[in-house]
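These are the residues of each chain, in order.
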Amino acid sequence: MRRAERLFQIIQILRRSRAPVTADAIAAELETSKRSVYRDIAALVGQRAPIRGEAGVGYVLEAGFDMPPLMLTPDEIEAAVLGAQWVAGRGDPVLAKAASDLISKIAAAVPDRLRPYVLEPAIGASPAWKPETDRIDVAQVRAWIHAGRKIRLDYSDGAGAVSARVIWPVTVGYRETIRMIIAWCELREAFRTFRTDRVVGAEFLEERHGKRPAVLRGEWVKFRDAEIAAWKLREKADC
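Every value quoted in this text rests on a predicted model; they were computed, and no experiment measured them.

About the thresholds
- Residues numbered from 1 in each chain as written.
- Predicted model: local features only at pLDDT ≥ 70, side-chain atom pairs only at ≥ 80, totals over all residues.
- Heavy atoms only, no water.
- UniProt positions renumbered as here; feature names shortened; annotations may be inferred.
- Helix = DSSP H or I, 4+ residues; strand = E, 2+ residues; numbered from the N terminus.
- Buried < 20%, exposed > 50% of the residue type's maximum accessible area, 1.4 Å probe, protein only.
- Salt bridge = Lys/Arg side-chain N within 4 Å of Asp/Glu carboxyl O.

Caption draft 1: Fine view of the UniProt feature "domain: WYL" (unreviewed entry) in the protein chain. This chain's UniProt record puts "domain: WYL" (unreviewed entry) on residues 139–203. As a span, residues 139–203 carries 14% helix and 60% strand, and end to end its C-alpha atoms are 14 Å apart.

Printed below as a string of structure tokens:
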């Protein structure tokens, strides 16, 4: 790997991590020595890259640092195209169209030598087989997540029983043939998952639930991780 490319990759590694990244971790990912990482970090700092940290502790790229757009490697392009293909075949109509537009924009923006990685990729995601139909406007659900607003649902469970719920939507989850709204349920006073194909009726309320979306999502992540840990313990106990 040329040094210029290595410097770019170090910036990318620091950009994607919120916690300090050690020289050991950077060296392992780039398959180089710690000594080279130290020299490269010093070179980046000398070029006024806002990197904080020190040897033995780790390095952080300060917020606000910008790089020229679409400086993508072939692997990054194919990763973006594969993700866009998957969304185009499984996302709600608004996201599916956005995914198709994204592929076109990437093709128009990258240099000519990289365009075949967009238009003739070596990877592909097939469309979903027999996807369930959404019975709620998923694009509006996503808007309400960002706005921190509540949604009133009439929801049918697997047995067909309908209940009224007021939820605080956290995120929309995508599986092979179904979409799910993960939310705090006021009725159950806990996080619950609601399949979009089982929604009988929905009202998008103007009332806010009072928590920043990032805080609510963080609470859900802790709940999810605790559930996964408990499941693993049960699996281990059954072995």
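Still more to cover.
Caption draft 2: Spotlight on unusual backbone geometry. Even without a glycine there, the phi angle at Glu31 is positive, about 55 degrees. Within the element layout of this structure, Glu31 appears in the loop between α2 (23–30) and α3 (34–46). Taking relative accessible area as the criterion, Glu31 reaches 75% and is therefore assigned exposed. Even without being glycine, Glu189 reaches a positive phi, approximately 55 degrees. Tracing the backbone shows Glu189 in the loop between β5 (179–185) and β6 (190–195).

Caption draft 3: Examining the pattern of salt bridges more closely. Following the criterion strictly, the structure yields 16 salt bridges and no others. Here Asp24 makes a salt bridge to Lys34, at a shortest N to O gap of 3.5 Å. With a gap of 10 residues between them, Asp24 in helix α2 and Lys34 in helix α3 connect regions that are remote in the sequence. What makes Lys34 partly exposed here is its relative accessible area of 35%. For Arg152, the salt bridge is made with Glu203, and the minimal N-O distance between the two is 2.6 Å. Of this pair, Arg152 sits in strand β3 (residues 149–156) while Glu203 sits in strand β7 (residues 199–208); the two residues are 51 residues apart in sequence, bridging distant segments of the chain. Overall, the relative accessible area of 35% leaves Arg152 in the partly exposed class. Overlapping salt bridges bring together Lys150, Glu186 and Glu207 as one network.

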